[in-house]
Structures are given as structure tokens and as C-alpha cells.
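What follows is the residue order along each chain.
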Amino acid sequence: MNMDMMDESFILIGVEGECREDILARMAGNLVEHGVVKESYVAAIIERERAYPTGLPTKACSVAIPHTDIEHVNRKAISIGVLKQPVDFVIMGEEEETTPVELVFMLAMDQKHSQLKLLTRLMMIIQNEELLTALSQETSRANIKEIMNAKLQPETQGGSLL
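Now for a quick tour of the structure. (Residues numbered from 1 in each chain as written. Predicted model: local features only at pLDDT ≥ 70, side-chain atom pairs only at ≥ 80, totals over all residues. Heavy atoms only, no water.)

Right, let's talk about the overall build of the protein for a bit. Helix and strand counts for the protein come out as five helices and five strands. Secondary structure elements of the protein, listed N to C terminal, follow the sequence β-α-α-β-β-β-β-α-α-α. Whereas a compact globule of 162 residues would reach a radius of gyration of roughly 15 Å, the protein reaches 14 Å, a difference of no more than 12%. Considered along the principal axes of its C-alpha atoms, the protein spans approximately 40 × 35 × 30 Å. A total of 162 residues make up the protein; the buried ones form 49% of that total. Long-range contacts, defined here as pairs at least 24 residues apart, represent 70% of the contacts in the protein between residues at least 6 apart. Just so you have it, the protein exposes about 8,000 Å², and 46% of that area is on carbon and sulfur atoms. Of note, the protein has its 15 positive side-chain charges centred 6 Å away from the centre of its 25 negative side-chain charges. (Helix = DSSP H or I, 4+ residues; strand = E, 2+ residues; numbered from the N terminus. Rg over C-alpha atoms; globule rule 2.2 N^0.38 Å. Buried < 20%, exposed > 50% of the residue type's maximum accessible area, 1.4 Å probe, protein only. Contact = heavy atoms within 4.5 Å. Areas by Shrake-Rupley, 256 points an atom, 1.4 Å probe, with all protein chains shown as cover. Lys, Arg positive; Asp, Glu negative; His and termini not counted. Charge placed at Lys NZ, Arg CZ, Asp CG, Glu CD.)

This is the structure in C-alpha cells:
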């Protein structure tokens, strides 16, 4: 994985918000501040989450994987939000059912094929109960970055995942 995709400044611990829009705006705003995404990304990610929910209930803790179209992105990045309190996100593929999300993996992808590869890797992480629990309880940005970089590395030496 491209190591500057997950800068420690993109990892937010103790994120607070009343609703999913608050969480998304806070995380997306952080990416705007770092020049990773365009101003339009904030509204686009909130709107896409309304149209195509990304909440995923898991045995360990619920997660969300918000993302939006590549035209709102300046360069690839992953932002991780560890929420102070769970916030309800609509479940992927559902219209109204929600799940109390504790971890948000916000994707800023500048190429469609990269997004698919990354989503595949993230699904492997999301299916690992121990790993999700560890991430949701972690208080160190450096540790989260280290864990994620190790887990998102391609299995083979054939080049970078992203």
C-alpha cells in the first residue's frame, strides 16, 4: 500500500457527533484541510451515504465505509475514525435499518480500480473480530497506522495494492 495514503493525521480518535452526517463532515473536513480532497468531497460523501448506505454490522463492532466519486479527490487516502460513542448508520443494502457504528473507514480514491482492490482488503479486516476490537479500542494513531498498513499490504511481492 502507498504508505502516505494513511498519514497519522488522517486517523481521528474519539470522534464525536450527534449523527452520521456530523461524523462524515468532521472526517471529510479533516481531509479537505490536508489537501487530500476538494471542498466538494464533504457534501458528496454525505449525499452518497444517504443514497448508498455503508453501515456494516459485525460481531465485534459495527463499521462504515463511506466513499464517493473520484472527481472529488486530489490524491488517494484512507481516513479512520474511532468514534467516542457509537453513531447510527443505515445498514448497507437496507433502507431504514441502522447499526451503531464505532469505526469509520473513509476512502478517498482517485481511480476506480484502486477502490475495488481496497474494498476487498478492507472486507478481510472487517471480518476479523479480534482486529476490529483492537482498532476500536486503540488510543494511538501510530499503532492504528501500523496495524492497517500491515493488513493492507498485498500478499505477493507483485507490487503495491494501490
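Here the narrative resumes, following the displayed structure.
Helix α2 (residues 40-51) packs onto helix α1 (residues 20-33) with a crossing angle of 145 degrees between their chain directions and a minimal axis gap of 9 Å. You can see that α1 and α2 cross each other, and the crossing is right-handed. Here Arg20, Glu21, Leu24, Ala25, Ala28, Gly29, Leu31 and Val32 of α1 come into contact with α2, specifically with Tyr41, Val42, Ile45, Ile46, Glu49 and Arg50. A breakdown of the residues in the contact of α1 with α2 according to their chemical character gives nine nonpolar, one polar and four charged. (Axes fitted to C-alpha atoms, helices over the stretch in contact; angles between N-to-C directions. Left-handed = near helix turned anticlockwise from the far one by under 90°. Nonpolar A, V, L, I, M, F, W, Y, C, P; charged D, E, K, R; others polar.)

A few words now on the pattern of salt bridges. Scanning the entire structure with this criterion turns up three salt bridges. Linking Arg20 and Glu21 is a salt bridge whose minimum nitrogen-to-oxygen distance equals 3.8 Å. Salt-bridge contacts for Arg50 lead to Glu21; the nearest nitrogen and oxygen are separated by 3.5 Å. Taken together, the residues span a long stretch of sequence, with Arg50 in helix α2 and Glu21 in helix α1 at a distance of 29 residues. Among the ionic contacts, a cluster of salt bridges with common partners joins Arg20, Glu21, Glu47 and Arg50. (Salt bridge = Lys/Arg side-chain N within 4 Å of Asp/Glu carboxyl O.)

Let us look at the sheet that holds strand β3 (residues 62-64). In spatial order, the strands read β1-β4-β5-β3-β2; together these five strands make up an open sheet with mixed pairing. Of all the strands in the sheet, just β1 (11-15) and β2 (55-56) have a single pairing partner and so form its edges. Where β1 and strand β4 (residues 77-90) come together, four bridges link them in parallel fashion. The residue bridging Ile13 from the neighbouring strand is Val82, located in β4. The strands touched by helix α4 (residues 129-137) within the sheet are β3, β4 and β5 (98-108), with β5 carrying the most contacts at an inclination of about 85 degrees. On the sheet, helix α5 (residues 141-152) packs against β1, β4 and β5 and is oriented at approximately 125 degrees with respect to β1. (Pairing = 2+ DSSP bridges.)

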